[in-house]
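Topology and contacts: notes
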Amino acid sequence: MSKKRLFEVLDEMNQEDAENGTRLVSVSYNFVAGDKVKQGAKITMGIELSGLMDIMSDKVIPALILIDKEEYFKRNP
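Residues numbered from 1 in each chain as written. Predicted model: local features only at pLDDT ≥ 70, side-chain atom pairs only at ≥ 80, totals over all residues. Heavy atoms only, no water.

1. Describing the pairing of strand E1 (residues 30–37)
- With 7 bridges joining them, E1 and strand E2 (residues 40–46) adopt antiparallel strand pairing. Bridged to Ala-33 within E2 is Thr-44.
- The antiparallel pairing of E1 with E2 creates a hairpin that spans 2 residues between the two strands. (Pairing = 2+ DSSP bridges. Helix = DSSP H or I, 4+ residues; strand = E, 2+ residues; numbered from the N terminus.)

If you want it as structure tokens, here you go:
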């Protein structure tokens, strides 16, 4: 059996959140800062304190997804 694609899994988890009122997947749009560094760039995002605690306890996987804004709003006006 082949592995599911990342966004397939995220969509399933997001649908379960909608059905069950859970928070298996959450999104933060709280961009704080972006700085150039030797390796490329460092991005700082803001989240709820409970989210930080979940990261520190290895309960969640933080991920940064960059989305083409124009294309996103074309598909989801």
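2. Section: a nonpolar patch on the surface
- A contiguous nonpolar patch, built from Ile-47, Leu-49, Leu-52, Met-53, Ile-55, Met-56 and Val-60 and spanning about 670 Å² of accessible area, is present on the exposed surface.
- Mapped onto the fold, Leu-49 is located in helix H2 (residues 49–56). (Patch = residues over 30% accessible without salt bridge, like charges linked within 9 Å, V, L, I, M, F, W, Y side chains within 5 Å. Areas by Shrake-Rupley, 256 points an atom, 1.4 Å probe, with all protein chains shown as cover. Salt bridge = Lys/Arg side-chain N within 4 Å of Asp/Glu carboxyl O.)

3. What about the confidence of the model for the chain?
- A residue-level look at the chain finds 100% of positions with pLDDT of 70 or above and a mean pLDDT of 95.
- Per-element mean pLDDT across the chain ranges from 94 in H2 up to 97 in E1. (pLDDT = per-residue confidence, 0-100.)

4. As for helix H1 (residues 6–20)
- Its 15 residues place the ends of H1 21 Å apart at the C-alpha level, agreeing with the 21 Å of an ideal helix rising 1.5 Å per residue.
- Phi for Gly-21, located one or two positions after H1, is positive at around 70°. (Expected span 1.5 Å × (residues − 1).)

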